[in-house]
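Coordinate analysis (summary)
Single-letter residue listing:
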Amino acid sequence: MDTNALRHFLAVADEGDWSRAANAEHVSRATIQASVASLEAELDEKLVVEDENGALTLTAPALAFRGPARARVAAAPAPTPKAGGKAKASKGRGRAPIVKGQPKPYPKRQGR
């Protein structure tokens, strides 16, 4: 069982809404729904039921599964933070801004 799917299920169980759960987990709503769907397929149980107004309710198997899910998430190692973005090269001081009506602050490039 995937720890991320368990965390996403617990977020839905705590928040009671797909969007609030997605915001709490810092992922998209589609990711939360896909995680819960994969967990439902793996367990062969319906965990979350959505009514016509969009309100979510947990089924009886989901209420029973919350405790073991919390224990498994707590026992799992903490997720490693993702590495930062691409390193930026130092560009030096950069060019001075061009002011209209003033001579260019850098030498003109030679044409061919």
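Whatever comes next refers back to the structure up there.
Residues numbered from 1 in each chain as written. Predicted model: local features only at pLDDT ≥ 70, side-chain atom pairs only at ≥ 80, totals over all residues. Heavy atoms only, no water.

**A look at helix H1 (residues 3–15)**
To be explicit about the condition: Starting at the N terminus, helices and strands are each numbered in turn, a helix being any DSSP run of H or I of at least four residues and a strand any DSSP run of E of at least two. Expected span of a helix, by definition, is 1.5 Å for each gap between consecutive residues, and there is one gap fewer than residues. Whether two residues touch is decided by their heavy atoms; if any such pair falls within 4.5 Å, the residues are in contact.
In this model, H1 (13 residues) spans 18 Å end to end at C-alpha, consistent with the 18 Å of a helix rising 1.5 Å per residue. For H1, the elements touching its buried residues are helix H2 (18–25), helix H3 (29–43), strand S1 (48–50), strand S2 (56–58) and helix H4 (60–75). Positive backbone phi, at 75°, marks Gly-16, one or two positions downstream of H1.

**Focus on the packing of H1 against H3**
What counts here: Axes, fitted as lines to C-alpha atoms, cover a helix only where it is in contact. Angles between the N-to-C directions of the axes lie from 0 to 180 degrees. Every angle not falling under 35 degrees, over 145, or within 65 to 115 is termed oblique; those three ranges are roughly parallel, roughly antiparallel and roughly perpendicular. Residue type decides the class: Asp, Glu, Lys and Arg count as charged, Ala, Val, Leu, Ile, Met, Phe, Trp, Tyr, Cys and Pro as nonpolar, and the leftover types, Gly among them, as polar.
Remark: H1 packs on H3, axes separated minimally by 9 Å, with the N-to-C direction vectors making an angle of 110°. Considering the angle they form, H1 stands roughly perpendicular to H3. Where H1 abuts H3, its residues Ala-5, Leu-6, His-8, Phe-9 and Val-12 lie against Thr-31, Ile-32, Ser-35, Val-36, Ser-38 and Leu-39. For the contact of H1 with H3, the residue count by class is seven nonpolar, four polar and no charged.

**Quick look at the packing of aromatic side chains**
Definition in use: Centres within 6.5 Å make a pair out of two Phe, Tyr or Trp rings, where for Trp the six-membered ring is used; the pair is then stacked when the planes are under 30 degrees apart, edge-to-face when over 60, and tilted otherwise. Exposure classes here rest on a 1.4 Å probe applied to the protein chains alone. A residue is buried below 20% of its type maximum, exposed above 50%, and partly exposed in between.
Under the defined criterion, the tally for this structure stands at one aromatic pair. Plain terms: the ring middles of Phe-9 and Phe-65 are 5.7 Å apart, the flat faces sit at 45° to each other, and that makes the pair tilted. Of this pair, Phe-9 sits in helix H1 while Phe-65 sits in helix H4, and the two are 56 residues apart along the sequence. Owing to a relative accessible area of 15%, Phe-65 belongs among the buried residues under this scheme.

**Some words on the packing of H1 against H2**
Note the threshold: What makes a crossing left-handed is the near helix being turned counterclockwise from the far one by less than a right angle; a clockwise turn instead makes it right-handed.
Between H1 and H2, the least distance of the axes is 8 Å, while the angle of their chain directions is 130°. Between H1 and H2, the crossing angle belongs to the class labelled oblique. In terms of crossing hand, the pair formed by H1 and H2 is right-handed. Listed contacts from H2 to Arg-7, His-8, Ala-11, Val-12 and Glu-15 of H1 are Trp-18, Arg-20, Ala-21, Ala-24 and Glu-25. Split by residue class, the contact of H1 with H2 holds five nonpolar, one polar and four charged.

**A short note on the nonpolar core**
Put simply, the rule is: We define a nonpolar core as any set of buried Ala, Val, Leu, Ile, Met, Phe, Trp, Tyr and Cys residues linked to one another through side-chain atoms lying within 4.5 Å.
The biggest cluster of nonpolar side chains holds 18 residues, and the ones touching the most others in it are Phe-9, Val-12, Trp-18, Leu-39 and Val-48. Looking at this core, the elements that each hand over two or more residues are H1, H2, H3 and H4. In terms of residue count, H1 provides more of this core than any other element does, six residues in total. For Trp-18, the residues in contact, after removing those within four places along its chain, are Val-12, Arg-29, Ile-32, Gln-33, Val-36, Val-48, Glu-50 and Leu-56.

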